[in-house]
Amino acid sequence: MGQQCCQTCNKTTDEEKREILVPDQIIAQTVSIYNENSSSEFKQSVILLSKDEQYEEQPENAFPIESIKIPKQIEEYLSTLPEFNYQMNTRGQYLGAFLLKDNSQYDGEWHKSMRHGKGRCVFPNLVYYEGSWKEDKIDGYGRLIHPEHEYYEGLFTNGLKNGKGRVTQNNGAYFEGEFVYDKKHGYGIEVWPDGQQYEGQYFNGSKEGRGIFTWANGDTYEGEFKDNKMEDKEYEGEWKDSKMNGQGEFRWNDGRKYIGSYKNDKKDGYGEFNWPDGKYYKGQWKDGKQHGIALYKGKDMPNERQCYFEEGKRTKWIE
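The shown structure was predicted, so the numbers you read here are calculated from the model rather than taken from an experiment.

What counts and what doesn't
Residues numbered from 1 in each chain as written. Predicted model: local features only at pLDDT ≥ 70, side-chain atom pairs only at ≥ 80, totals over all residues. Heavy atoms only, no water. Helix = DSSP H or I, 4+ residues; strand = E, 2+ residues; numbered from the N terminus. Buried < 20%, exposed > 50% of the residue type's maximum accessible area, 1.4 Å probe, protein only. Core = buried A, V, L, I, M, F, W, Y, C linked by side-chain atoms within 4.5 Å. Contact = heavy atoms within 4.5 Å. Phe/Tyr/Trp six-rings, centres within 6.5 Å; stacked < 30°, edge-to-face > 60°. Lys NZ or Arg CZ within 6 Å of the ring centre and 35° of its normal. Pairing = 2+ DSSP bridges. Axes fitted to C-alpha atoms, helices over the stretch in contact; angles between N-to-C directions. Salt bridge = Lys/Arg side-chain N within 4 Å of Asp/Glu carboxyl O.

(A) Representation of unusual backbone geometry in the model. Phi at Leu 126 takes a positive value of approximately 65°, unusual for a residue other than glycine. Among the secondary structure elements, Leu 126 is positioned in the loop between β6 (114-122) and β7 (128-134). Residue classification places Leu 126 among the partly exposed positions, given a relative accessible area of 32%. Not every positive phi belongs to a glycine, and Asp 136 is a case in point at roughly 75°.

(B) Structural view of the nonpolar core. In terms of nonpolar packing, the biggest core is built from 38 residues, with Phe 123, Tyr 129, Trp 133, Ile 138, Trp 215, Met 230 and Phe 250 touching the most fellow members. If near-sequence neighbours (up to four positions away) are discounted, Ile 138 is found in contact with Phe 123, Tyr 129, Ser 132, Trp 133, Leu 144, Phe 156, Thr 157, Asn 158 and Gly 159. Within the second largest apolar cluster, nine residues are counted, among which are Ile 68, Tyr 77, Leu 81 and Val 122.

(C) Broad picture of the packing of aromatic side chains. Taken as a whole and assessed by the stated rule, the structure comprises 29 aromatic pairs. Ring geometry for Tyr 296 and Phe 309: centres 5.9 Å apart, planes at 55°, overall tilted. Placement of the pair is Tyr 296 in strand β22 (residues 289-297) and Phe 309 in strand β23 (residues 305-310), with a sequence separation of 13 residues. Here Tyr 296 and Phe 309 have matching classes, each one buried. When the ring centre of Tyr 152 is taken as reference, the NZ or CZ atom of Lys 161 above it lies at 5.5 Å. The positively charged end of Arg 305 is found above the aromatic ring belonging to Trp 317, 4.3 Å away from the centroid.

(D) Looking closely at the pairing of strand β11 (residues 174-180). Bridge count between strand β10 (residues 160-169) and β11: six bridges; the pairing is antiparallel. Each residue of the ladder has a partner; that of Arg 166, found in β11, is Glu 176. Note: β11 against strand β12 (residues 183-191), six bridges, orientation antiparallel. Within β12, the position partnered with Phe 175 by the bridge is Glu 190. Remark: two residues form the turn of the hairpin made by β11 and β12, two consecutive strands paired antiparallel; Tyr 181 in that turn has positive phi of roughly 50°.

(E) Main features of the sheet that holds β22. With antiparallel pairing, the eight strands of this open sheet are ordered in space as β17-β18-β19-β20-β21-β22-β23-β24. A strand with exactly one partner marks an edge of an open sheet, and here the two such strands are β17 (235-240) and β24 (313-317). Across this sheet, the average inter-strand angle for adjacent strands is 15°, counted without regard to direction. Sheet topology places β17 next to strand β18 (residues 243-251); five bridges connect them, and they run antiparallel.

(F) Quick peek at the pairing of β24. For β23 and β24, the ladder comprises four bridges, and the chain directions are antiparallel. The residue of β24 that forms the bridge with Glu 310 is Lys 313. Here β23 folds back onto β24, and the loop between the two strands holds two residues, one of which, Glu 311, carries a positive phi near 50°.

(G) A look at the pattern of salt bridges. A full pass over the atoms with the stated rule returns 12 salt bridges. Two residues, Asp 182 and Lys 161, come together in a salt bridge whose shortest N-O distance is 3.3 Å. With Asp 182 in the loop between β11 and β12 and Lys 161 in strand β10, this residue pair connects regions lying 21 residues apart in the sequence. Taking the relative accessible area as the measure of exposure, Asp 182 reaches 35% and is therefore partly exposed. Its salt-bridge partner being Glu 224, residue Arg 210 comes within 3.7 Å of it at the nearest N-O pair. Placement of the pair is Arg 210 in strand β14 (residues 206-214) and Glu 224 in strand β15 (residues 220-226), with a sequence separation of 14 residues.

Written out as structure tokens, the structure is:
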């Protein structure tokens with residue numbers, strides 16, 4: 001009997017173990033944590049907070065509301081985007097949805113009356129953000145959405161794009177690469193809706209350094225860039241709005257050369273294209289392709305002949 005009593009007295013319940021393991025300076029609290037399987041639901045979890053990390057019941061200069069109201073324009077935009085899930089890191093305390101003095105609506109974690117942790121915010125200028133916060137600033141990984149023109153997903157520091165991320169424009173153009181304080185800086189890839197693409201280095205927002213530019217028709221330039229322009233003079237001619245427009249000469253490293261008219265980065269009008277094997281085309285171009293009457297000489301042809309091209313293909317000889 002004595003032995004049995006001793007075993008009973010030494011038995012400790014799970015609740016007693018938790019009380020023993022939690023020191024006096026630690027306080028267990030139940031908070032709501034973002035449910036990564038839903039864009040709007042939260043789930044309950046228990047975290048441990050030190051006495052120094054206790055939070056006020058309501059943030060200063062913020063008024064509690066039932067929930068944030070996402071404008072229809074933002075909701076429609078969000079429905080076109082891939083699902084975006086992020087996991088709460090519980091560095092702040094979830095207190096519900098609040099209306100801020102600047103008319104922003106915030107639903108997420110707080111720390112000492114500052115947005116801190118993970119949360120969602122609708123700004124009064126119809127900008128929407130979801131992701132990480134630090135001391136009331138967008139900071140860490142998140143997604144910033146401007147329904148009128150673009151959205152960005154990636155890293156932030158102190159409210160600015162900083163680190164790896166991707167900006168997608170509403171017209172389909174996008175940039176994916178490195179940012180330093182809101183500017184493209186470092187390695188990146190930029191793609192336009194018409195198929196043009198740049199891959200290479202950026203400096204302070206501009207193409208600068210080594211890069212490869214590919215036109216919609218498949219032509220490429222590989223070399224140095226400075227202030228968004230090709231630096232080693234592979235193209236010499238007229239520009240407008242950072243595109244080849246007017247008369248110009250383009251040379252390739254393999255010996256190909258084009259001299260003629262450009263329009264919005266594409267051969268358009270009269271131009272002469274020479275190949276290193278002696279072949280050439282002298283005639284009309286349209287939207288980057290041979291189109292119209294021309295003089296043509298193949299590498300095995302003894303003399304040039306007059307012919308007709310349609311959208312880059314020779315359709316008939318003209319006697």
